[in-house]
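# Per-entry structural report
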Amino acid sequence: MPRLLAILAFLFSCVIASGQSNSSPLTVEKIMRDPKWIGTSPSGTFWSFDASKLYFLWNPEKATSDSIYYITPGNKTPVKATPAEKQFVLTENNLDYNDARTAYVYSKDGDVFYTEVKSGKTKRITQTTDAESNPQFSFNESKIVYNRSGNLYAWDINTGETLQLTNIKTGDAGSAAPQNFAGGGGRGNFNGGNRGGEGAGGNLQEQWLRNDQLTWFQVLRERKEKREKADAYNKSLPKPKEIRSINIEDKNIQGLSVSPDGRFISYRLFRAAANAKSVIVPSYVTETGFTTDLNNRTKVGAPQGSYEFFMYDRDKDTLYAVKSDSLPGIRELPEFFKDYPKDRERRLKNPSNRALSFGSFSWSPKGSYAVWDVRSQDNKDRWIMKWDTASGKLSLIDRQHDEGWIGGPSFGGFFGGNSGWIDDHTLWFGSEATGYMHLYSADLQKNEKKTLTSGNYEVQGVYLSHDKKYFYITTNEVHPGEQHFYRLSVADGKKERITTMTGANQVALSPDEKYAAILYSYSNKPWELYWQDIPAIGKNAKPTTAQQITTLAQSDEFKAYPWRDPKVISFTARDGAQVYARVYEPANPDPHKPAVLFVHGAGYLQNAHKWWSSYFREFMFNNMLTDNGYYVMDIDYRGSAGYGGPWRTGIYRHMGGKDLDDEVDAAAWLVKTYGVDPKRIGLYGGSYGGFMTLMALFTAPDVFAAGAALRPVTDWANYNHGYTSAILNEPFTDSLAYRRSSPYYFAEGLKGHLLICHGMIDLNVNYQDAVKLTQRLIELGKDNWELASYPMEDHGFVEPSSWTDEYKRIYKLFDNYLKK
């Protein structure tokens, strides 16, 4: 009997130590079901205009899709919005206030409405068959400006009169050429002029016939005389001022807007590139039974569209074009051309301006200054330029240059750029000038810049208070894998932390700045909604705590399993850099001591953090691997988000270089730390993670015994322009970068066992990549690989059956070649 009890006790301890429920072990089939089995998390928080309600998306009923729910400061029990409330909510989320917040405008069903806050009275400004949109206050807030059919109109709040501001036309209609606006790091001027006249011509035959008719027919002569007298009288009458016709030809107009005083109209024109060939993706399994072609994107290096920026002065009836000739560094040649001496010499002999993209644009609150965010299309420069309306001078506020590429966190601001206004002459903006995204201000009167935040962390979100005295910012200052919310004084830069929960705190601040709606999660706990009062300002202010609102992110079935809290550690790479990672430790390692590295996708993405991962399926799969004796590691290799600019650009011109070195160093760390068998290490990942898996098996074949490459890029020349050209330049200007970065060229190095899984209607990384590598492996005579194709899946799988099939194959791969 004692022996039996001892055996039972031992078996029980093994079950507990294995970290899983005895009655419900993890399986691929269980993990890869519809994610609703996990629970329901809230998302998409937003406030009513008066902060009386907090809205969010939620699905506690496990319906087909989420519904809108709300809570209030007085009642924090979620209430489902009625259809009528839902319609009002969608309108509320589209409001534009005046500076005093006493009135707002919005568009609904193609018409524009104006509401006074105090009285609640609403006026319908338009009621037409045309669609009116984007209403905003202008003309010193005396008028509402809106867009109708590509033109701007202004409605006077006091008189109700409507004024057409622009007359935009397409096609070949003639109009005077715009004057040049010289840009640069020094000074430039608007050199404008008025419109020109129009010419006329005739035909000798027609002239002779007209004279002959008038000579022989008296009635014609009399009617002509009457018509000419009527025309002369009409011309003598006073006429309303004609609106200047602006011809945009065959270009697309973007960002059409008016200055706060109503004087200037600004816009940019985009002309799409001609002869830019697009990829065709065939869909094989269709309702009709016939193959359908899906139009897709262009490839990297395809001709790019061109941008122009214009300013129209309504008072002077003058159109100006912004020119880039004197932008500082506009003709600088990127350093990578040093690897191509002949091409470099040719370009230096015939220098030209680099192509530009005009991004965000904004007027200061009173219209004293206009500011542009200008980017070079080679991704290496960002200029913030200002135009002083009083002097007409254009000058540089800030230039950020990176021989890799300009990037980093984006935290809103005007038109989605990292900028905004503190007052009429003070601009705030974000920059990675120090290596980390930080907050700066610029006094445009004094031409002085000021650092508002600094340190080895990133500012990842910014909101300026209504009184312009405080910034509310989100940073990862506490730890690269945490997100916290702070209040920062504009005056002295003092900062106070508001959130305290370890993990990610993603905050939506109420319009009255009294409350914080927090979407919070931890490594093994999905997102829930919390409510926290914003602490009062002052020395004696007491800290506040967050109150949990929702509790359904984890179903009972999900909670029945003790999900691991992976260790977030850092290890030292071969070049001395600290690489952050998640580590899953098995309580009972398999005797063979196998290990698996999960490689996150996107490149610029963070996964070694302390919040619920977007790779939740992989998180669960990693738990399952660990239950079965594997050590699992998930690292934020070079190129990942969250660690500043130099880390982000560490893969410039060589994807599969330092990032892969980090993976190899991680494998060595596992061997050294846990005694993992160096011959039994595998890896898997999707998209960029799939690419990395291929590079690992092809270029470090003695390190990795098996790998699963999911939807991988096999040749970067096949991928899109925006992402790829930033990192590798263009194939025809930097062929070396593509040669060293594309797995396709290294396939002969394959020694271990490879599984490739790819959706056949992938509109991101096209299935062509998998097919191209397949042919290469066939020609090389390789027989240690397989391809699993998914005919009805795009880049991100949606069908549980596809997820299940894919991960059963991955598990089988590791079980066969890392354990046996």
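Look a little higher up for the structure.
Heads up: these notes are all about the structure in this document. (Residues numbered from 1 in each chain as written. Predicted model: local features only at pLDDT ≥ 70, side-chain atom pairs only at ≥ 80, totals over all residues. Heavy atoms only, no water.)

Once that is clear, we can look at the overall build of the protein. Counting secondary structure elements, the protein contains 15 helices and 46 strands. Dimensions of the protein, computed from the C-alpha atoms along their principal axes, are close to 130 × 70 × 60 Å. For the protein, the residues scored as buried account for 51% of the 820 residues in total. A total accessible area of about 38,300 Å² is found for the protein, and carbon and sulfur atoms account for 50% of it. Here the protein holds 96 positive side-chain charges and 95 negative ones, and the gap between their average locations is 2 Å. (Helix = DSSP H or I, 4+ residues; strand = E, 2+ residues; numbered from the N terminus. Buried < 20%, exposed > 50% of the residue type's maximum accessible area, 1.4 Å probe, protein only. Areas by Shrake-Rupley, 256 points an atom, 1.4 Å probe, with all protein chains shown as cover. Lys, Arg positive; Asp, Glu negative; His and termini not counted. Charge placed at Lys NZ, Arg CZ, Asp CG, Glu CD.)

Mapped onto the elements of the fold, Ile 549 is located in the loop between strand S38 (547-548) and helix H7 (556-559). For Ile 549, a relative accessible area of 11% translates into the label buried. Distance from Ile 549 to Tyr 530, taken between C-alpha atoms, is 5.2 Å for residues 19 residues apart in sequence. With sequence-adjacent residues up to four places away left out, Ile 549 is seen in contact with Ile 71, Lys 76, Pro 78, Leu 529, Tyr 530 and Trp 531. (Contact = heavy atoms within 4.5 Å.)

If you walk across this open sheet you meet the four strands as S5-S6-S7-S8, and the pairing is antiparallel. Here the strands that pair on one side only, and so sit at the sheet edges, are strand S5 (96-97) and strand S8 (122-124). Pairing between strand S6 (residues 103-108) and strand S7 (residues 111-116): six bridges, direction antiparallel. Within the sheet, the bridge partner assigned to Lys 108 lies in S7 and is Asp 111. (Pairing = 2+ DSSP bridges.)

The next thing to look at is the pattern of salt bridges. Enumeration according to the criterion identifies 47 salt bridges in this entry. A salt bridge links Arg 574 to Asp 661; its shortest N-O distance comes to 3.5 Å. Taken as a pair, Arg 574 in the loop between strand S39 (567-572) and strand S40 (578-584) and Asp 661 in helix H10 (residues 658-674) lie far apart in primary sequence, 87 residues in all. Residue Arg 574 is classed as exposed on the basis of its relative accessible area, which comes to 53%. Ionic pairing is found between Arg 680 and Asp 677, a salt bridge with its closest N-O pair at 3.2 Å. Judged by its relative accessible area of 18%, Arg 680 is buried. The class for Asp 677 is partly exposed, based on a relative accessible area of 25%. Connected through salt bridges with shared partners, the residues Glu 249, Asp 250, Lys 251, Arg 271 and Glu 308 form a single ionic network. (Salt bridge = Lys/Arg side-chain N within 4 Å of Asp/Glu carboxyl O.)

In the structure shown here, the tally under the stated rule is 61 aromatic pairs. Between Phe 558 and Trp 563, the aromatic rings sit 4.9 Å apart at their centres with planes inclined by 20°, giving stacked as the arrangement. A single burial state applies to Phe 558 and to Trp 563, both of which are buried. A ring pair is formed by Phe 598 and Tyr 615, whose centres lie 5.3 Å apart and whose planes are at 70°; its orientation type is edge-to-face. Of this pair, Phe 598 sits in strand S41 (residues 595-599) while Tyr 615 sits in the loop between S41 and helix H8 (616-627), placing them 17 residues apart in sequence. Phe 598 gets classed as buried once you look at its relative accessible area, which sits at 2%. Put simply, the rings of Phe 598, Tyr 615, Phe 621, Tyr 684, Tyr 790, Phe 797, Trp 803, Tyr 807 and Phe 814 pair up and form one aromatic cluster. (Phe/Tyr/Trp six-rings, centres within 6.5 Å; stacked < 30°, edge-to-face > 60°.)

A word on H8. Here H8 spans 17 Å end to end across 12 residues, near enough to the 16 Å set by a 1.5 Å rise per residue. In terms of burial, H8 is a largely internal element, 12 of the 12 residues being buried. Note on H8: the residue one or two positions beyond its end, Gly 629, has a positive phi of about 95°. (Expected span 1.5 Å × (residues − 1).)

Turning next to the sheet that holds strand S32 (residues 470-475). An order of S31-S32-S33-S34 is seen for the four strands of this open sheet, with the pairing classed as antiparallel. Only two strands of the sheet have a single partner each, and these edge strands are strand S31 (459-464) and strand S34 (495-497). Across the sheet, the mean angle separating the axes of adjacent strands is 25° when strand polarity is ignored. Note that S32 and strand S33 (residues 484-489) share six bridges and pair antiparallel. What sits directly across from Thr 475, in S33, is His 484. (Axes fitted to C-alpha atoms, helices over the stretch in contact; angles between N-to-C directions.)

Further remarks concern unusual backbone geometry. In the Ramachandran plot, Asp 109 falls in the positive-phi region, its phi being about 55° despite a non-glycine side chain. For Asp 109, the position within the fold is in the loop between S6 and S7. With relative accessibility at 70%, the residue Asp 109 sits in the exposed group. One non-glycine residue, Asn 729, lies in the positive phi region at around 60°. Summarising the element assignment, Asn 729 is placed in the loop between helix H12 (721-728) and helix H13 (735-741).

Here the focus is the nonpolar core. The biggest cluster of nonpolar side chains holds 64 residues, and the ones touching the most others in it are Met 633, Phe 704, Trp 716 and Leu 754. The element best represented in this core is helix H11 (residues 688-699), accounting for eight residues. Discounting residues that sit within four places of it in the chain, Trp 716 has contacts with Val 300, Met 655, Tyr 688, Phe 691, Tyr 723, Thr 724, Leu 728, Tyr 738, Ser 741 and Ser 742. Counting 56 residues, the second-largest nonpolar core is a separate cluster that includes Ile 38, Leu 529, Tyr 584 and Phe 814. (Core = buried A, V, L, I, M, F, W, Y, C linked by side-chain atoms within 4.5 Å.)

A contiguous nonpolar patch, built from Trp 216, Phe 217 and Leu 220 and spanning about 360 Å² of accessible area, is present on the exposed surface. Mapped onto the elements, Trp 216 comes out in helix H4 (residues 204-216). Residue Trp 216 is classed as exposed on the basis of its relative accessible area, which comes to 65%. (Patch = residues over 30% accessible without salt bridge, like charges linked within 9 Å, V, L, I, M, F, W, Y side chains within 5 Å.)

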